[in-house]
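Here's the letter readout for the chains.
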Amino acid sequence: MTDISAWSLTDPHPEQGLNVLAKVDVLVVGAGAAGVAAATVAAEAGRSVLIVERYGFAGGAAVAGMSGTICGLYLASDSDREPRQVVGGFTERFRRELTRRGGLTAPQIYGKTWTVAHDPLVWRETADALLERAGVRVLFHTVVTGLVLDGVTHRGVVVESNAGRAVVLADRTIDASGDAAVVARAGHRYTFGDDGVIQNPTMFFRLGNVDVRRFTEFYGADAICPPHVTEAIIDGRNAGLNLPRQKIWIFTTPRPGELMVNATRLSGRDGRMLNVIDPADFTEAEILGRRQVRDYARFMIERFPGCENAFVVDTGVEAGIRQTRTITGIERLTNDDVLAARKRDDGICRVPWPIELHAGDRPKLTWLLDDYYEVPYGTLVPDRGEHIIVAGRCLSAEHEALTSARVTAQCFEYGHAAAMATVLSLDGDIPYRELPGGEVRAAMAANGSALSLS
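- Identification of the chain as FAD-dependent oxidoreductase from Actinoallomurus oryzae is taken from an unreviewed UniProt entry.

Structure follows, in structure tokens:
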């Protein structure tokens, strides 16, 4: 037993003398795209790393939420009809490994840009291999229930599993939960969307036993549905099916005869927006989402050529989450930064993805044509607290800017950035907020990221 009375536990009734499960250089909370990248890169730099994850697998929204694509790799264009990839680094490492394992499609047209779809099982296997190869200690089925704080300095967390409660002590913590769970529990500042209104969650599903050739002849090559499909959805809605979203997206997958469908729009039974941080809202989203999937699947089976003998393979383990908490960082990505395609000396990631606002019966897309912007390092650093950095969709950003910046290709690179910043912070004993963003950018460029150096 170890006495931790020198620190305070952010728990209503802190228990002294909890077992110390581990003492590491770096603790990563959450094993989604950002967390896998952060843990792998930090371990490869020679640091001891522990990653904790509430599910029994890595993947986060990409796997549990079945979002299924690596969006944000390619430029959008009205004139150039070949995909041009502008994001490298850890994102490219993961993309390459998925491809090598047969778990990724070729680029698919998505409006004015492209994306690629993955096999969720292969995603998990790829993450397992990268983490193991790097020497990361992985704890699945483990959740953070408290923090170890020395004033405002993060010293570790309290974790809980079926084995009980214990403490993990860490010199640095990377909050890759996607929900800023560590930041929020510490009492650091954050916001929810646009004055508390966040983007709709969704329930992805996969449809099997599809004649993909006949389906594509009917639907077209673009993942975003054509007008004749929207008209059919409106007809189905008028016939009594629960089809609230009339602009839907359908992708082929690496598996023969399978489609991945992004069609549902989840709101409360009373029509209100759901905040999936609240478990009651999260539960409602998932129950209603699975029901809505059945109506969209029935509609496709009855109306779409090639889908006559199809069936629902599965839905996401959880509802697909686009947005929850957004931290208040030492810097903020603004809507104007996105629209002006602003480049920065402290930029740690390129983003060519459009503003993609999910609200109402059709998503709003604002394209960035033949260009990209860069996300500043300071968006990952909370404005309060020490020895804590975030990685993933909870970065500091205005509402519409976040709808562009939150996608998977960029989340890999946010994890990459958080890891490189952590190594620099540990090596120089420098607080995250005092690290020059240009140094983090240079370290990422040296590690393969597609970032030019002036």
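1. Quick look at the overall build of the chain
- In terms of helices and strands, the chain carries 11 helices and 21 strands.
- Its C-alpha radius of gyration of 22 Å places the chain within 12% of the 22 Å reference for a compact globule of 454 residues.
- For the chain, the spread of C-alpha atoms along the principal axes amounts to about 65 × 50 × 40 Å.
- For the chain, the proportion of its 454 residues judged to be buried stands at 61%.
- A separation threshold of at least 6 residues defines the contact pool for the chain, and within that pool the share at least 24 residues apart is 74%.
- Of the roughly 16800 Å² that the chain leaves accessible, carbon and sulfur atoms contribute 48%.

2. Some remarks on helix H11 (residues 437–446)
- Buried within H11 are the following residues: Gly-437, Val-440, Arg-441, Ala-443, Met-444 and Ala-445.
- Residues of H11 that are buried in the fold lie against strand S17 (347–351), strand S20 (373–376) and helix H10 (408–428).
- Gly-448 occupies a position one or two residues after H11 and carries a positive phi of about 105 degrees.

3. Quick notes on the nonpolar core
- Of all hydrophobic cores here, the largest spans 112 residues; its most connected members are Trp-123, Ile-348 and Tyr-414.
- Tallying contributions element by element places H10 first for this core, with 10 residues.
- Excluding its chain neighbours within four sequence positions, the residues that come into contact with Tyr-414 are Ile-348, Cys-349, Val-351, Val-375, Leu-380, Ala-391, Gly-392, Leu-395 and Ala-405.

4. Some details on the environment of Glu-125
- Turning to its location among the elements, Glu-125 is positioned in helix H3 (residues 120–134).
- Considering only alpha carbons, one finds Glu-125 and Pro-376, 251 residues apart in sequence, at a separation of 31 Å.

5. Describing the pattern of salt bridges
- Taken as a whole and assessed by the stated rule, the structure comprises 29 salt bridges.
- In this structure, Glu-44 engages Arg-93 in a salt bridge whose closest nitrogen and oxygen atoms are separated by 2.9 Å. Of the two residues, Glu-44 sits in helix H1 (residues 33–44) while Arg-93 sits in helix H2 (residues 89–100), which places them 49 residues apart along the sequence.
- For Arg-93, a relative accessible area of 26% puts it in the partly exposed group.
- Several salt bridges converge on common partners, so that one network encompasses Asp-119, Arg-206, Arg-255 and Glu-258.

Cut-offs used in this document
Residues numbered from 1 in each chain as written. Predicted model: local features only at pLDDT ≥ 70, side-chain atom pairs only at ≥ 80, totals over all residues. Heavy atoms only, no water. Helix = DSSP H or I, 4+ residues; strand = E, 2+ residues; numbered from the N terminus. Rg over C-alpha atoms; globule rule 2.2 N^0.38 Å. Buried < 20%, exposed > 50% of the residue type's maximum accessible area, 1.4 Å probe, protein only. Contact = heavy atoms within 4.5 Å. Areas by Shrake-Rupley, 256 points an atom, 1.4 Å probe, with all protein chains shown as cover. Core = buried A, V, L, I, M, F, W, Y, C linked by side-chain atoms within 4.5 Å. Salt bridge = Lys/Arg side-chain N within 4 Å of Asp/Glu carboxyl O.

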